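Structural overview for review
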Amino acid sequence: MKSDKKLQNLSMKLVKQHWQMYLMLFLPLVWLLIFRYYPMLGAQIAFKHFRASLGIWGSEWVGLTNFIRFFKSYQFKRVISNTLLLSMYQLIAGFPLPVIFALLLNTVTREGYKKFVQTITYLPYFISIVVMVGILLQVFDPIIGLYGKAVFALTGTRGMDLFGKAQIFPHLYVWSGVWQNMGWNSIIYLAALSSVSAELHEAGKIDGMNRFMRVVYIDLPAILPTITILLILNSGRIMNLDFEKVFLMQNNLNLSRSEVISTYVYKVGLAVGGGDFSFATAIGLFNSAVNLVLITTVNRICRKLGGTSLW
């Protein structure tokens, strides 16, 4: 009891001494509670037949009706499969490349060239999604775009409308994202590689290791925990595709492959002719539950296989 009182008094003394730091912590904490946790109360409309005139608390409770309605919907299979295929494609194509790029860039000894490459690869990240999609539309225009001009110069015929081909949409979406984010995503791996001791590389040289062997047996194991943590975090976002980019690239011709959960929720809940807030919330809640299951599963697998995990 005495030790608890002493600890409490010490804590209060520290708070009084460093009240400025706690005040700085208090403001973002209030923001977090108001704008992140309080809105979670609204998630209950997924289990209600929400009517704006009655409010959240006054609307009729319908249980799992909205979820069952989504599972029986003709759109269920399409939006789930499109979301999973796009997300897995994006993860498989986009996750290893920043790691490889960071490992290769770390072997460059000329600092000027290294900084130039970093600058060039970081720049696309700062292009807004709207501008990025506008660039894609211009470049791949079958008549006036670079793609259209090249096809006409080589074949003498007009190229196909790539944005009108549903089967091409995943490739345009994923690889444009890889180009935009690869350089920026490599920063954390370069930071991890900077902590690798130069003595290990010197010892590797003495043992007869070439540059490739030092990358495989020294650099890669050093950043493996970082790779694992980021893989776990990315697995928790598999069902959350970039709504803005998908929506801007979407049209009636590629809808069969571009309709994902986020765009479907928007159309059901907010678009003209929608307004079914309970149904849209149920879909979003289901999406979050799937992400929770995925991140928990991958975290457990990584902990058993390599010992590195988030918790």
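Further up the page is the structure itself.
Here goes a summary of the coordinates provided. Bear in mind the structure is a predicted one, so any value in this text is a computation, not a measurement.

1. Comments concerning the overall build of the protein
- Scanning the protein from terminus to terminus reveals 17 helices and two strands.
- The C-alpha atoms of the protein give 25 Å as radius of gyration, which overshoots the globular expectation for 311 residues (19 Å, by more than 25%).
- With the C-alpha coordinates aligned to their principal axes, the bounding extent of the protein is approximately 90 × 75 × 40 Å.
- In the protein, which comprises 311 residues, the proportion classed as buried is 34%.

2. Section: the layout of surface pockets
- The calculated volume of the largest pocket comes to roughly 840 Å³.
- Lining the largest pocket we find 30 residues, and of these Gln90, Asn181, Asn185, Asn234 and Arg237 sit closest to its centre.
- Mapped by element, the contributors of at least two residues to the lining of the largest pocket are helix 5 (76-94), helix 10 (169-185), helix 11 (187-193) and helix 13 (211-235).
- Looking at the lining of the largest pocket, the element that brings in the most residues is helix 10, giving nine residues.

3. Concerning the pattern of salt bridges
- Applying the stated criterion to the full structure yields two salt bridges.
- Its salt-bridge partner being aspartate 276, residue arginine 69 comes within 2.6 Å of it at the nearest N-O pair. Of this pair, arginine 69 sits in helix 4 (residues 65-72) while aspartate 276 is found in the loop between helix 16 (261-269) and helix 17 (277-306), placing the two residues 207 residues apart along the sequence.

4. Thoughts on a nonpolar patch on the surface
- Taken together, the side chains of Leu29, Trp31, Leu32, Leu33, Ile34, Phe35, Tyr37 and Met40 define a hydrophobic patch exposed on the protein surface, amounting to about 820 Å² of accessible area.
- If you trace the backbone, tyrosine 37 turns up in helix 2 (residues 19-37).

5. Details of helix 7 (residues 111-122)
- Over its 12 residues, helix 7 extends 16 Å from the first C-alpha to the last, a length consistent with the 16 Å expected when each residue adds 1.5 Å.
- Every buried residue belonging to helix 7 is among Lys114, Val117, Gln118, Thr121 and Tyr122, and all of these are buried. Taken around the axis of helix 7, the buried residues stretch over an arc of 125°, which confines them to a single face. Exposed residues on helix 7 whose side chains face more than 90 degrees from its buried face are Gly112, Lys115 and Phe116.
- Against helix 6 (96-106), helix 10 and helix 11 lie the buried residues of helix 7.

6. Regarding the packing of aromatic side chains
- Summed over all chains, the structure comprises 22 aromatic pairs.
- Arranged with centres 6.5 Å apart and planes meeting at 80°, the rings of tyrosine 122 and tryptophan 184 form a pair that is edge-to-face. Pair noted here: tyrosine 122 is in helix 7 and tryptophan 184 is in helix 10, with a separation of 62 residues, a long-range link.
- Taken together, a centroid distance of 4.4 Å and an interplanar angle of 5° make the contact between tyrosine 125 and tryptophan 184 stacked. Taken together, the residues span a long stretch of sequence, with tyrosine 125 in the loop between helix 7 and helix 8 (129-139) and tryptophan 184 in helix 10 at a distance of 59 residues.
- Among the residues examined, tryptophan 184 registers a relative accessible area of 32% and is labelled partly exposed.
- A network of ring pairs unites the aromatic residues Phe70, Phe71, Phe76, Tyr264, Phe279 and Phe286 as a single cluster.
- If you follow arginine 69 out to its NZ or CZ, it ends over the ring of phenylalanine 279, 4.1 Å from the centre.

About the cut-offs
- Residues numbered from 1 in each chain as written.
- Predicted model: local features only at pLDDT ≥ 70, side-chain atom pairs only at ≥ 80, totals over all residues.
- Heavy atoms only, no water.
- Helix = DSSP H or I, 4+ residues; strand = E, 2+ residues; numbered from the N terminus.
- Rg over C-alpha atoms; globule rule 2.2 N^0.38 Å.
- Buried < 20%, exposed > 50% of the residue type's maximum accessible area, 1.4 Å probe, protein only.
- 1 Å grid on protein atoms, 1.4 Å probe; cavity = no way out; pocket = protein on both sides within 12 Å on 5 of 7 lines; lining within 4 Å.
- Points joined across faces, edges and corners; volume = space filled by probe spheres on them.
- Salt bridge = Lys/Arg side-chain N within 4 Å of Asp/Glu carboxyl O.
- Patch = residues over 30% accessible without salt bridge, like charges linked within 9 Å, V, L, I, M, F, W, Y side chains within 5 Å.
- Areas by Shrake-Rupley, 256 points an atom, 1.4 Å probe, with all protein chains shown as cover.
- Expected span 1.5 Å × (residues − 1).
- Arc of directions from axis to C-beta.
- Contact = heavy atoms within 4.5 Å.
- Phe/Tyr/Trp six-rings, centres within 6.5 Å; stacked < 30°, edge-to-face > 60°.
- Lys NZ or Arg CZ within 6 Å of the ring centre and 35° of its normal.

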